[in-house]
Amino acid sequence: MEVSAENVKIPPEEKDYALRPLDINAISEKKKTLDAETQRPTWSGRLEFILASVGYAVGLGNIWRFPYLCYSSGGGAFMIPYLTMVLLCGMPLVFMEFSIGQYTRLGPVHALAKICPLLKGIGLATVVISFVFSTYYNVLITWALFYFFNSFGATLPWNSCNNTWNAVGNCSSGFPGNTTHLQSASQQFFDHRLLQKTSGIEDVGGVRWELFGYLILAWVIVYLCIFKGVKSTGKLPGAKNGILYFVTPVWGKLFKVKVWVNAAAQVFNSLGIAFGSMISMASYNKFNNNILRDALIVSFTNSFTSILAGFVIFSAIGYMAHIHNLPVDNIATDGPGLVFVVYPEVLSTMPVFRLWAPLFFFMLLCLGLDSQFATVEVAITFIKDEFGPQVLRFLKREELLTLAVCIVGFVLGIPHVTKGGIYVFQLMDQYTAVVSLVFLAFFEIVAVCWIFGVPRICLLVKKMQGKTPNIYFRLCWLLLCPLLVLCILISSIVQYTPAHYENYTYPRWAEVVGWGVSLVSIVWIPLGAIQEIYSHKGSLLQRLKISMMPTVDLDTEDPLPEKENLDNPASETLLTSVA
């Protein structure tokens, strides 16, 4: 994907207005590009795009990661950095990615290469991080399937200590009291029945064949949906204490860098910033679609869902603390255990639990699959766009390409369904959804906001919307968002803390593996920059200047002025299942 000096678009103020020879080849090439654009499918309606974007953004992270980060980061103290990141980074960056996708009508790889050739590796990095994320995100869906099928019995298996997997000597029906050696029945179900957890990542143990089967089922569901193109009330005692914990800040936590890093990662992860999916979905919009409205709807819906989930889970935690006579901060567990330990415990105390338990885990499946479809589709779309003819010459049909990607994702997910898989999962999540994502988001912001420039972003928006973005968005793009993410990035490097799971600290070699996982996506940024600079001629400074000049056509007008392209709705070729 080379960008040569001959194709560089010169800014309007530097144009030579002298008469030039008519370049027939250039006109022919531009006509081909325009023809390709007019053939690009579009969403069949405005609501379809909004639902697809919301479906992608609202996922398991809202139910699991957000409440846990609140819990571990001082309750209400986490809300301050979280809402700050949503207002100063989340909404402006979603609007920015929608603008890039809708204007260029390209996926993230080609769109970002045109925006900033020097940092074109960002586009490929978004594809890689999306696919890596999908390999372990589907494990959460695997666990949800396990709980779903285990919730249909006469009694819920995590409700008592009278099971073969329970360590009876330290099992408590409910959460343990002040005796710290006890575990709740739901915790033991998660550790000893679902995971059959070992002592650490050094002891991977054998494959959990039951989970192996559910992992196959999870990937089969993902494949079938993408391949087909699928377009009681009451009061819980103690709930007040849980909600007060949720909204009451522990101010000392506010000055810890890790809280701000987690807030940034949660916003980027939940809204899909730097994953490429938002750019990809927006590229199927009509040229003049109201992306500002859509960006605000997606951002507010996502944040509202996260905060609502926080109130629900902390109400449940307060109720459990009341039942077992414990302080609120003794209830929640680390990582994904919040969903698979606390929620099941609450469900088992509800009336008609045989109804609510399956419904709850079915809801988890729907939330998880929406996001999973979009992340897998990013990789499939990239392969089709970049290597389509060569791949189809070998595989013959697009369905086989989808199958191949799903098989690779399944194979990479197998380490997570071993007996030591939870340690692999936590390691991958820490270094992909936090470390890599913050790095990648920062470079994307630099490429678009500083190198491409806010004036050019405003020009794109004005051509599509008829007016430039207001001062709030311009200020966020120019100063607040880049500087805030830069400060967080530098501080997180200076005050780096190794990954851990509960009381387990990972060995040094595991940290090296974690950084290797991070580099799998990040490394494409410097590699792309080196290749771009090397492809041009002149001194290093001249090459840098050329490499930083955008090649996107800033004179583009709506390629579909009157006629709506409804013959090829995006729902038939993208994944309308996210809607």
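Here we summarise the structure given alongside this text. (Residues numbered from 1 in each chain as written. Predicted model: local features only at pLDDT ≥ 70, side-chain atom pairs only at ≥ 80, totals over all residues. Heavy atoms only, no water.)

A few points about the packing of helix α15 (residues 353-395) against helix α16 (residues 398-413)
Following both chains from N to C, one finds α15 and α16 inclined at 125°, their axes separated by 9 Å at the closest point. Here α16 runs oblique to α15, going by the angle between their axes. The crossing of α15 and α16 is right-handed. Across the interface between the two elements, Val376, Ile380, Ile383, Lys384, Val391, Leu392 and Leu395 of α15 pack against Glu398, Leu400, Leu401, Thr402 and Val405 of α16. (Axes fitted to C-alpha atoms, helices over the stretch in contact; angles between N-to-C directions. Helix = DSSP H or I, 4+ residues; strand = E, 2+ residues; numbered from the N terminus. Parallel < 35°, antiparallel > 145°, perpendicular 65-115°, else oblique. Left-handed = near helix turned anticlockwise from the far one by under 90°. Contact = heavy atoms within 4.5 Å.)

What to know about unusual backbone geometry
In the Ramachandran plot, alanine 274 falls in the positive-phi region, its phi being about 75° despite a non-glycine side chain. Along the chain, alanine 274 turns up in the loop between α11 (257-271) and α12 (277-282). The backbone of glutamate 502 shows a phi angle near 55°, a positive value even though the residue is not glycine. Its location among the elements puts glutamate 502 in the loop between β3 (500-501) and β4 (504-505). Overall, glutamate 502 belongs to the partly exposed group, its relative accessible area being 30%. (Buried < 20%, exposed > 50% of the residue type's maximum accessible area, 1.4 Å probe, protein only.)

A closer look at empty space enclosed by the protein
In this structure, the largest cavity occupies an estimated 180 Å³ of space. Lining the largest cavity are 19 residues, and of these Gly61, Phe133, Tyr137, Asn269 and Ser371 lie nearest its centre. In terms of residue count, helix α7 (residues 121-149) provides more of the lining of the largest cavity than any other element does, four residues in total. When its residues are assigned to classes, the lining of the largest cavity shows nine nonpolar, eight polar and two charged. (1 Å grid on protein atoms, 1.4 Å probe; cavity = no way out; pocket = protein on both sides within 12 Å on 5 of 7 lines; lining within 4 Å. Points joined across faces, edges and corners; volume = space filled by probe spheres on them. Nonpolar A, V, L, I, M, F, W, Y, C, P; charged D, E, K, R; others polar.)

This is a description of form; function is not addressed.
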